[in-house]
Amino acid sequence: MDTGELQSEIRKLLKEKNAVLLAHYYQAGEIQDIADFLGDSLALSMEAARTDAEVIVFAGVRFMAESAAILSPDKTVLLPVAAAGCPLADTISREQLEEARLEHPEAAVVTYVNSSAETKALSDICCTSSNAVKVVQSMDAPEILMIPDGNLARYTSRFTDTPIIPWEGSCPVHQGLSVEDIERLRKARPGAPLAVHPECSPEVIDISDFTGSTSGIIEFCGKTDARTIIIGTEMGIFHQLQKLYPGKVFVPASDSLVCRDMKLTSLADVYNALLEMRYVITVPEEVRASAHRALSRMLEIV
Ligand code: 13P
Ligand code: SF4
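Because the structure is predicted, anything quoted here is derived from the model rather than measured.

1. A short note on the site of ligand 1
In the vicinity of ligand 1, the contacting residues are His24, Tyr26, Asp40, Ser41, Asn114, Ser129, His174, His197, Glu199, Ser213 and Thr214. Calculation on ligand 1 without its partners gives an accessible area of 300 Å², and the protein chains cover 95% of this total. With respect to the detected pockets, ligand 1 is housed in the largest pocket. Residues that form the shell around ligand 1 fall into these classes: one nonpolar, eight polar and two charged.

2. Section: empty space enclosed by the protein
All chains considered together, the criterion is met by one cavity of 30 Å³ or more. The calculated volume of the largest cavity comes to roughly 70 Å³. Among the secondary structure elements, those contributing two or more residues to the lining of the largest cavity are α3 (41-50) and α4 (62-71). Split by residue class, the lining of the largest cavity holds five nonpolar, four polar and no charged.

3. Remarks on the sheet that holds strand β5 (residues 108-112)
In spatial order, the strands read β6-β5-β7-β8; together these four strands make up an open sheet with parallel pairing. The outermost strands of the open sheet, each flanked by one partner alone, are β6 (125-127) and β8 (164-166). In this sheet, adjacent strand axes meet at a mean angle of 30° when their direction is disregarded. The pairing of β5 with strand β7 (residues 144-147) spans four bridges and is classified as parallel. Within β7, the residue paired with Val110 across the bridge is Met146. Across the sheet, helix α5 (residues 94-103) lies against β5 and β7, angled at about 165° from β7, the strand it touches most.

4. A short note on the side chain of Asp261
Within the secondary structure, Asp261 sits in the loop between β12 (249-252) and α14 (267-276). Buried within the structure, Asp261 lacks any salt-bridge partner; Arg260 is the closest side chain of opposite charge, at an N-O distance of 6.0 Å. Setting aside its immediate chain neighbours within four residues, Asp261 contacts Val61, Ala83, Ala84, Gly85, Cys86 and Pro87.

5. Quick look at the environment of Cys86
Checked against the element boundaries, Cys86 lands in the loop between β4 (76-78) and α5. Judged by its relative accessible area of 13%, Cys86 falls in the buried class. Taking the C-alpha atoms as reference, Cys86 lies 26 Å from Gln7; in sequence the two are 79 residues apart. What Cys86 contacts, discounting residues up to four positions off in sequence, is Val61, Phe63, Asn114 and Asp261.

6. Things to note about the layout of surface pockets
Approximately 370 Å³ is the volume found for the largest pocket. Along its surface, the largest pocket is lined by 29 residues, and Tyr26, Cys86, Asn114, Cys171 and Cys259 are the ones closest to its centre. Where the lining of the largest pocket is concerned, the elements lending two or more residues are α3, α4 and α9 (172-175). Per-element accounting of the lining of the largest pocket gives the leading share, three residues, to α9. Considering only residue class, the lining of the largest pocket consists of 15 nonpolar, ten polar and four charged. If you add up the space inside the second largest pocket, you get close to 160 Å³. What lines the second largest pocket is a set of 13 residues, among which Glu66, Ala89, Asp90, Ser115 and Ser116 lie closest to the centre.

Rules behind the numbers
Residues numbered from 1 in each chain as written. Chains lettered and ligands numbered in written order. Predicted model: local features only at pLDDT ≥ 70, side-chain atom pairs only at ≥ 80, totals over all residues. Heavy atoms only, no water. Near = heavy atom within 4 Å. Areas by Shrake-Rupley, 256 points an atom, 1.4 Å probe, with all protein chains shown as cover. 1 Å grid on protein atoms, 1.4 Å probe; cavity = no way out; pocket = protein on both sides within 12 Å on 5 of 7 lines; lining within 4 Å. Sits in = over half its atoms within 2 Å of the grid points. Nonpolar A, V, L, I, M, F, W, Y, C, P; charged D, E, K, R; others polar. Points joined across faces, edges and corners; volume = space filled by probe spheres on them. Helix = DSSP H or I, 4+ residues; strand = E, 2+ residues; numbered from the N terminus. Pairing = 2+ DSSP bridges. Axes fitted to C-alpha atoms, helices over the stretch in contact; angles between N-to-C directions. Contact = heavy atoms within 4.5 Å. Buried < 20%, exposed > 50% of the residue type's maximum accessible area, 1.4 Å probe, protein only. Lys, Arg positive; Asp, Glu negative; His and termini not counted. Salt bridge = Lys/Arg side-chain N within 4 Å of Asp/Glu carboxyl O.

This is the structure:
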């Protein structure tokens, strides 16, 4: 089947199975184009919590599908590629978090959604890159242990007086972006603003014109008067940027901004997932109930 045929077969199957296709901005353009809902991690988890469909097909990575299963336990959640994970989420295990909690008994634990269900279950509240500042500002605790992304923790600490203890995990895609990459580009594109994700290093954030989630970056690109914008996040975002703002020029801050896990999913995988109802993502009930508490506490304040 060619791309168009696969897309229409997927749409047919979605209807037949009372299913919705949720896709993250980092997915391939041909998947984004047929999604029922396209968004950043926060918008996707909100949609997963409110959908009436019986089946959720998650075009993204495992932690996103797990969050959908935690929020909507009565739905069947499918992740088209079982191996699509997130190296950042893997930087902390349940055991490591248990130890960190013992070391910092007074700290509230704020956990980025890019994490396992088991670590969410041990957390006080979750956050995403679009609400991390709001979540942290809502906490009434002497200190905050923020996991697993050290850069997001350091970025968030700029907006609160509460001491934040960062877990030193990072996203290999965003962490890899260097000040030198940007300086080189800026010479070739003088005056072009730089929009970056908060998973980037503090040095990169310091020289950016805007820092925000994928949705935040898309919004910034719409609002700025600049015609050329340098983008410091994963390449998948370019598909929407070019569709939404065809008159503007978007330049990747580096050619290495590609998330291998996000790119594992093809249109054929989405089709096969629906045809064979695979791979069903479930979370054991005792983990799910506690993780649900942390996720829904986040959703209450955004
Ligand atoms: P968003 O919170 O912008 O969706 O980003 C998710 C992610 O995986 C960033 O690397
Ligand atoms: Fe994980 Fe980074 Fe990929 Fe996002 S871009 S899914 S944080 S590895």
